[in-house]
Amino acid sequence: MMSKLLKNRYLILRRIVQITILALYFGANAYGWKVLVGNLSYSKFLQAIPLADPFTVLQMLAAGAVVGVDVLVGAVVIAVFYGLIGGRAFCSWVCPINMVTDLANWLRRKLKIDRDARRINISRRFRYWALGTLLVVSFVVGAAAYEFVNPIGFFVRGLLFSIGFGWTLILAIFLFDLLILKHGWCGYICPVGATYSLIGSKSLIRVEHNHLNCTNCGNCKEVCPEKQVLNPVIYRKSGFINGIECTNCGRCIEVCNDNALKFSIRSFLKNN
Amino acid sequence: MDKKRRSFLVVMAQAVAASAMGGSIVAAFVEENKDKPLTLRPPGALPEKDFIKTCIRCGLCAEACKNRDNPMIIDGEKMVTLKMGAPGDSVPIGTPYFIPRDVPCYMCDDIPCMNACPTGALTPDMCKNDEGKVAIDYAKMGVAVIDPKSCIAYWGLQCTACYRACPELDKAIRIEWKQNERTGKHAYRIPVVYEDYCTGCGMCEHACVTEKPAIKVFPRDVFLGKPGDRYVKGWDTKDQQRIKNASTKTTTETGRSKENPIEELNQGVKWNDE
């Protein structure tokens, strides 16, 4: 029992963080708690610190909005936090859609979908094209375009207010990841994750690989939602997982039986 | 063209095509969803076109509305005015709105929703009078409109429900007396909306006793007209100044009127001496 908990320590921690954040938003709206008010596009922490989603703010600026100082400060606070420390941790530690796609991909493994499923070949870089395209679309239509279809917004507002017909999009993402493309939504399409990848590209917290302990079992590659970040390192050398799309979810560390992977702090100046 | 270069260009073209396809679907959806002219916004909202740009959809206004200081409680239930648009609500997704027939705006003195807005989509600038004084009474959420055919006061019945519910009592809705010529013996007491004072809170729509309300709130842009500078009020020197702004062009020009009328009329006519 204890070893199983330990084996999933980061997964459990991530779920605790994700659910706590949702609970704080919910409590703020339902009971007037003042810890974390708002949602993942903008919120106020302890009634003082503004937090704003950088991609949302970028779209608003592209649309030509004159936004309040709080929002700009909030976007900078978030960008600095993930840029210095967290990397792309938003995606696996905060975003509620991660719970949906993790479930889909867990089921995908259990049902052995990949044994029979047709391969679909899309570039992992598509998300950066999506990011750029949505900024252009925001400029053209004069509104933050992705916020009209953002499943993260649907999810959190759905929990706090009403989800309306928005559950269909959440379900579609679930089915897409389960049956169509492995790690499809978060790993290929989501422009929010793409933004956090770029913001967090130089962050300090990284997974470190110790080649001397590695037995080349491949467990880490099996669970990693962004396999391309492991490829340059695993089986080859010791070093940091520097790929910008690593979400610091820690799944690779948990499944490693040989103590070859751990969270570590990368030097800012030297990339390796 | 060498093979490498060609394949690079084709892959780039594929990426552009995929982005264009996804982008145009999103753009079409946004264009369709962002213009919902019947959406009633919280007090202090920017004009809709700017509002849709500026609102970050955080829900702080709706939260402030729910957790305001002195909420109206009916049958033990707290009345929450502001909702956040969800897909299927016929309002721009994620933005705040209210449906007065369900829950009207109770016009809190401290305007918690407006003051909670971090972006300026709700701003005191849009909630003040000509002297610059900010107060909820200067909100312009909408304007009440009466359907005289279904308003029972126009039938000669005693009602005044909307008049009594109005927070701008005797200013935004006033009762006008008229003789009831149908019976010859009685009076009509007819509610009339004065749009300069109407905040669009919807208390009247909420209070209206008819099955479907005979008084409804619409966004001001939807209902109010605009006469322009060509028409001014007679015997009003101040209003007559406005005519100076009017364009001096007084004739209507069409493709036809540009031509010489004789030629226009004689088109296609064959003269004998030709």
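Here the structure is a predicted model, which means the values were calculated and not measured.

Draft legend 1. Here's a closer look at the interface of chain A and chain B. Taken together, the contacts link 42 residues of chain A with 36 residues of chain B. Summed over both sides, the interface between chain A and chain B buries roughly 3100 Å², with carbon and sulfur atoms accounting for 68% of that surface. Connecting chain A to chain B are 1 salt bridge. Residue Lys34 of chain A pairs with Glu63 of chain B through a salt bridge whose shortest N-O separation is 3.5 Å.

Draft legend 2. Structural context of helix α2 (residues 9-31) of chain A. A rise of 1.5 Å per residue sets the reference length of α2 of chain A, with its 23 residues, at 33 Å; its end C-alpha atoms lie 31 Å apart and thus fit the reference within 8%. Within α2 of chain A the residues assigned to the buried category are Tyr10, Arg14, Gln18, Ile21, Leu22, Leu24, Tyr25, Gly27, Ala28 and Asn29 of chain A.

Draft legend 3. Summary view of the domain arrangement of chain A. Residues and elements named next belong to chain A. Split into domains, chain A comes out as domain 1 (2-198) and domain 2 (204-265). Each of domain 1 and domain 2 has a C-alpha centre, and these two points are 23 Å apart. On the side of domain 2, 24 residues touch domain 1, which itself brings 25 residues to the contact. Buried surface at the junction of domain 1 and domain 2, both sides included, amounts to about 1900 Å², of which 42% is carbon and sulfur. The largest contributions to the domain 1 side of the interface with domain 2 come from Lys7, Tyr10 and Arg88, which together make up 28% of the buried area. Run the count over domain 1 and domain 2 and you get 3 salt bridges. Note that Glu226 is salt-bridged to Arg88, the shortest N-O span being 2.8 Å.

Draft legend 4. A look at the nonpolar core. One finds Phe90, Val192 and Leu261 of chain A to be the most contacted residues of the largest nonpolar core, which totals 63 residues. Within the second largest apolar cluster, 44 residues are counted, among which are Met79, Met84, Ile173 and Cys201 of chain B.

Draft legend 5. Broad picture of the pattern of salt bridges. Residue and element names in this part refer to chain A. Counting across every chain of the model gives 18 salt bridges over all chains. Of the charged contacts in the structure, one is a salt bridge between Arg15 and Asp102, with a shortest N-O distance of 2.7 Å. Of this pair, Arg15 sits in helix α2 while Asp102 sits in helix α6 (residues 97-110), placing them 87 residues apart in sequence. Taking relative accessible area as the criterion, Asp102 reaches 24% and is therefore assigned partly exposed. As a salt-bridge pair, Lys262 and Glu208 come within 3.5 Å of each other at their nearest N and O atoms. Taken together, the positions of Lys262 in strand β6 (residues 261-265) and Glu208 in strand β4 (residues 205-209) put the pair 54 residues apart, joining distant regions of the chain. On the basis of relative accessibility, which here comes to 46%, the residue Lys262 falls in the partly exposed class. Because the salt bridges share partners, they merge into one network encompassing Arg88, Arg124, Arg127 and Glu226.

Draft legend 6. Highlighting the packing of α2 of chain A against helix α9 (residues 151-160) of chain A. All names here are of chain A. At a minimum axis distance of 9 Å, the contact between α2 and α9 shows a crossing angle of 45 degrees. Put simply, α2 runs oblique to α9. The interaxial crossing formed by α2 with α9 has right-handed handedness. On α9, the residues touching Leu22, Tyr25, Phe26 and Asn29 of α2 are Phe155, Val156, Leu159 and Leu160.

Draft legend 7. Just the packing of aromatic side chains, in detail. All names here are of chain A. According to the stated counting rule, one finds 9 aromatic pairs over all chains in the structure shown. On the numbers, 5.0 Å between centres and 80 degrees between planes, the contact of Tyr10 with Phe263 is edge-to-face. Taken together, the residues span a long stretch of sequence, with Tyr10 in helix α2 and Phe263 in strand β6 at a distance of 253 residues. What makes Tyr10 buried here is its relative accessible area of 17%.

Draft legend 8. Structural context of the packing of helix α3 (residues 54-62) of chain A against helix α4 (residues 69-86) of chain A. Residues and elements named next belong to chain A. At their nearest, the axes of α3 and α4 sit 9 Å apart, and the two run at 140 degrees to each other. Classified by the angle their axes make, α3 and α4 are oblique. The way α3 lies across α4 gives a crossing that is left-handed. For the pair formed by α3 and α4, the contact residues are Pro54, Val57 and Leu61 on the first element and Val71, Leu72, Ala75 and Ile78 on the second.

Draft legend 9. Structural context of the environment of Lys227 of chain A. All names here are of chain A. Counting through the fold element by element, Lys227 comes out in the loop between α13 (219-223) and β5 (239-240). C-alpha separation for the pair Lys227 and Ser43, spaced 184 residues apart in sequence, amounts to 32 Å. With near-sequence residues (within four places) excluded, Lys227 lies in contact with Arg124 and Lys221.

Draft legend 10. Structural context of a negative patch on the surface. Judged by side-chain charge, Asp69, Asp109, Asp110 and Asp137 of chain B come together as a negatively charged surface patch. Examined against the element boundaries, Asp110 of chain B turns out to sit in the loop between β4 (96-97) and α4 (112-116).

Draft legend 11. Spatial organisation of a nonpolar patch on the surface. Residue and element names in this part refer to chain A. On the surface, a nonpolar cluster with roughly 720 Å² of combined accessible area is contributed by Phe26, Tyr31, Trp33, Val35, Phe45, Leu46, Ile49 and Leu159. Within the secondary structure layout, Leu46 lies in the loop between β2 (42-45) and β3 (49-52). Assessed through its relative accessible area of 51%, Leu46 is described here as exposed.

Draft legend 12. Quick look at unusual backbone geometry. Residues and elements named next belong to chain A. One non-glycine residue, Lys112, lies in the positive phi region at around 50 degrees. The backbone phi angle of Asn248 is positive, close to 55 degrees, even though this residue is not glycine. Among the structural elements, Asn248 can be located in the loop between β5 and α14 (251-255).

Draft legend 13. Expanded view of the sheet that holds β4 of chain A. Residues and elements named next belong to chain A. Pairing is antiparallel in the open sheet, where 3 strands are placed in the order β5-β4-β6. Lying at the two open borders of the sheet, with one neighbouring strand each, are β5 and β6. Of the pairings in the sheet, the one linking β4 to β6 comprises 5 bridges and is antiparallel in character. Each residue of the ladder has a partner; that of Arg206, found in β6, is Ser264.

Parameters at a glance
- Residues numbered from 1 in each chain as written.
- Chains lettered and ligands numbered in written order.
- Predicted model: local features only at pLDDT ≥ 70, side-chain atom pairs only at ≥ 80, totals over all residues.
- Heavy atoms only, no water.
- Contact = heavy atoms within 4.5 Å.
- Buried area = accessible area lost by both parts, 1.4 Å probe.
- Salt bridge = Lys/Arg side-chain N within 4 Å of Asp/Glu carboxyl O.
- Helix = DSSP H or I, 4+ residues; strand = E, 2+ residues; numbered from the N terminus.
- Expected span 1.5 Å × (residues − 1).
- Buried < 20%, exposed > 50% of the residue type's maximum accessible area, 1.4 Å probe, protein only.
- Domains from an automatic or database assignment.
- Core = buried A, V, L, I, M, F, W, Y, C linked by side-chain atoms within 4.5 Å.
- Axes fitted to C-alpha atoms, helices over the stretch in contact; angles between N-to-C directions.
- Parallel < 35°, antiparallel > 145°, perpendicular 65-115°, else oblique.
- Left-handed = near helix turned anticlockwise from the far one by under 90°.
- Phe/Tyr/Trp six-rings, centres within 6.5 Å; stacked < 30°, edge-to-face > 60°.
- Patch = residues over 30% accessible without salt bridge, like charges linked within 9 Å, V, L, I, M, F, W, Y side chains within 5 Å.
- Areas by Shrake-Rupley, 256 points an atom, 1.4 Å probe, with all protein chains shown as cover.
- Lys, Arg positive; Asp, Glu negative; His and termini not counted.
- Charge placed at Lys NZ, Arg CZ, Asp CG, Glu CD.
- Pairing = 2+ DSSP bridges.

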